[in-house]
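Fold and contact review
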Amino acid sequence: YTFSFALAKIAHGNTIHLVGGIHYDIVNQTISKSITIEGETGAIIDLNGSGRAFSVSAYQVTIKNVQIINGFIDGSGGAISWSGSYGSLINNTFIR
């Protein structure tokens, strides 16, 4: 399954697990549900300079154990744009 497919099908309160490895397909995804995105060891999102990984608008979103690299966007939020409340970033790495 793709990340987009999992995001469309996931219910509020559930977790999307990213397997270890490089993910090139997670670009400009809108998170509008209260979910957790959790990376396994070695989970990397490579944006390849083509945007940000996530725009978070939901309440209580958690993103943890993910390395996000090569994000770029004019303005703020090169990796993540966050307007939701009570969210958490846990043990993530951001590298341009």
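Above this text you will find the structure in question.
Below you will find a few notes about this structure.

Rules used in this analysis
Residues numbered from 1 in each chain as written. Predicted model: local features only at pLDDT ≥ 70, side-chain atom pairs only at ≥ 80, totals over all residues. Heavy atoms only, no water. Pairing = 2+ DSSP bridges. Helix = DSSP H or I, 4+ residues; strand = E, 2+ residues; numbered from the N terminus. Axes fitted to C-alpha atoms, helices over the stretch in contact; angles between N-to-C directions. Core = buried A, V, L, I, M, F, W, Y, C linked by side-chain atoms within 4.5 Å. Buried < 20%, exposed > 50% of the residue type's maximum accessible area, 1.4 Å probe, protein only. Contact = heavy atoms within 4.5 Å. Phe/Tyr/Trp six-rings, centres within 6.5 Å; stacked < 30°, edge-to-face > 60°.

**Some remarks on the sheet that holds strand E8 (residues 67-69)**
Read from one edge to the other, the open sheet built from four strands follows the order E2-E5-E8-E11, with strand pairing classed as parallel. Since the sheet does not close on itself, it has two edges, and those belong to strand E2 (21-23) and strand E11 (93-95), each with one partner. Looking at each pair of strands side by side, their axes are set apart by 20 degrees on average, direction ignored. Direction of pairing for E2 relative to strand E5 (residues 43-46): parallel, over a ladder of three bridges. Paired with Gly-21 across the two strands is Ala-43, which belongs to E5.

**Quick look at the nonpolar core**
Residues Ile-45, Phe-54 and Ile-68 are the most contacted members of the largest nonpolar core, which totals 22 residues. Going through the elements one at a time, helix H1 (3-9), strand E1 (15-18), E5 and strand E6 (54-56) are the ones with two or more residues in this core. Once residues within four sequence positions are removed from consideration, Ile-68 is found in contact with Ile-45, Leu-47, Ala-53, Phe-54, Ala-79, Ile-80, Thr-93, Phe-94 and Ile-95.

**Here's the deal with the sheet that holds strand E3 (residues 29-31)**
Sheets are built from strands that pair by backbone hydrogen bonding, the pairs being arranged parallel or antiparallel. Taken in spatial order, the three strands line up as E3-E6-E9 in an open sheet, and their pairing is parallel. The open sheet has two edge strands with one neighbour each: E3 and strand E9 (80-82). Averaged over all pairs of adjacent strands, the angle between strand axes in this sheet comes to 15 degrees, irrespective of strand direction. Here three bridges tie E6 to E9, and the two strands are oriented parallel to one another. The residue of E9 that forms the bridge with Phe-54 is Ile-80.

**Side note on the packing of aromatic side chains**
Enumeration according to the criterion identifies three aromatic pairs in this entry. Summarising the aromatic geometry, the rings of Phe-3 and Phe-54 are spaced 5.8 Å apart at their centres and angled 50 degrees between planes, so their arrangement reads as tilted. Here the residue Phe-3 occupies a position in helix H1, and Phe-54 occupies one in strand E6, the gap between them amounting to 51 residues. The buried category is assigned to Phe-54, whose relative accessible area is 0%. Where Tyr-59 meets Tyr-86, the ring centres are 5.3 Å apart and the plane angle is 75 degrees; that geometry is what we call edge-to-face. Taken together, the positions of Tyr-59 in the loop between E6 and strand E7 (62-64) and Tyr-86 in the loop between E9 and strand E10 (88-90) put the pair 27 residues apart, joining distant regions of the chain. Owing to a relative accessible area of 44%, Tyr-59 belongs among the partly exposed residues under this scheme. For Tyr-86, a relative accessible area of 64% puts it in the exposed group.

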